[in-house]
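# Per-entry structural report
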Amino acid sequence: RQTSAERSAAVAGSETWAGWIRLGAILMLIIGMIDFFQGLIAIIRGGYYTLTPNQIILVDTRTWGWVMLFWGIIVGAAGWGLTLGANWARWFTIVAASLNIILQLGFLGSTNHTLWALTGVSLSAVVLYGLIVHWDEASETIRRMAESRM
């Protein structure tokens, strides 16, 4: 049987990790916006991302821009679903954040604008950490908080 101090410590720990999950949700929304605008810039200003002959890119920048624009919407949806604390949203976000790292690494090697890609990679890594390390401790707290808002 747990003492009241142990229960308080467990609740505080779950609320701390729930904060990490909420941070992950907010970061996924931010990453989605970054990806969206990355794609929008590539569509509107095709010459903004300059390519040199020694860089590898499989499609033209406008096609890549459309892919990133739609991908940004998907990543934002993952962040929105994560705010609800649903288990499906956790797995969807883990897959989306992992794929975002791969997409951003592809962009990193194909442009002179590395800050966009490095920001996306590092934020995605923080999201993955928050979702993988202590989901079990935080998920119930997040669900309770989401239900109380409705």
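Relevant structure appears above.
Below you will find a few notes about this structure. Since the model is a prediction, treat every value here as computed from it, not as a measurement.

### Observations concerning a nonpolar patch on the surface
A contiguous nonpolar surface patch, about 370 Å² in accessible area, is contributed by Ile-26, Ile-30, Met-33 and Phe-37. Position of Ile-30 relative to the elements: it lies in helix 1 (residues 4-44). We classify Ile-30 as partly exposed; its relative accessible area is 33%.

### Concerning the nonpolar core
Residues Ile-21, Met-28, Ile-31, Leu-82, Val-127 and Leu-131 are the most contacted members of the largest nonpolar core, which totals 25 residues. Put simply, the parts of the chain that give this core at least two residues each are helix 1, helix 2 (61-82), helix 3 (87-108), helix 4 (114-133) and helix 5 (135-149). The element best represented in this core is helix 1, accounting for eight residues.

### Some words on helix 4
The first and last C-alpha atoms of helix 4 sit 28 Å apart over 20 residues, in line with the 28 Å expected at 1.5 Å per residue. Buried within helix 4 are the following residues: Ala-117, Gly-120, Val-121, Leu-123, Ser-124, Val-127, Leu-128, Gly-130 and Leu-131.

The rules behind the values
- Residues numbered from 1 in each chain as written.
- Predicted model: local features only at pLDDT ≥ 70, side-chain atom pairs only at ≥ 80, totals over all residues.
- Heavy atoms only, no water.
- Patch = residues over 30% accessible without salt bridge, like charges linked within 9 Å, V, L, I, M, F, W, Y side chains within 5 Å.
- Areas by Shrake-Rupley, 256 points an atom, 1.4 Å probe, with all protein chains shown as cover.
- Salt bridge = Lys/Arg side-chain N within 4 Å of Asp/Glu carboxyl O.
- Helix = DSSP H or I, 4+ residues; strand = E, 2+ residues; numbered from the N terminus.
- Buried < 20%, exposed > 50% of the residue type's maximum accessible area, 1.4 Å probe, protein only.
- Core = buried A, V, L, I, M, F, W, Y, C linked by side-chain atoms within 4.5 Å.
- Expected span 1.5 Å × (residues − 1).

Any functional reading would require information that these geometric values do not contain.
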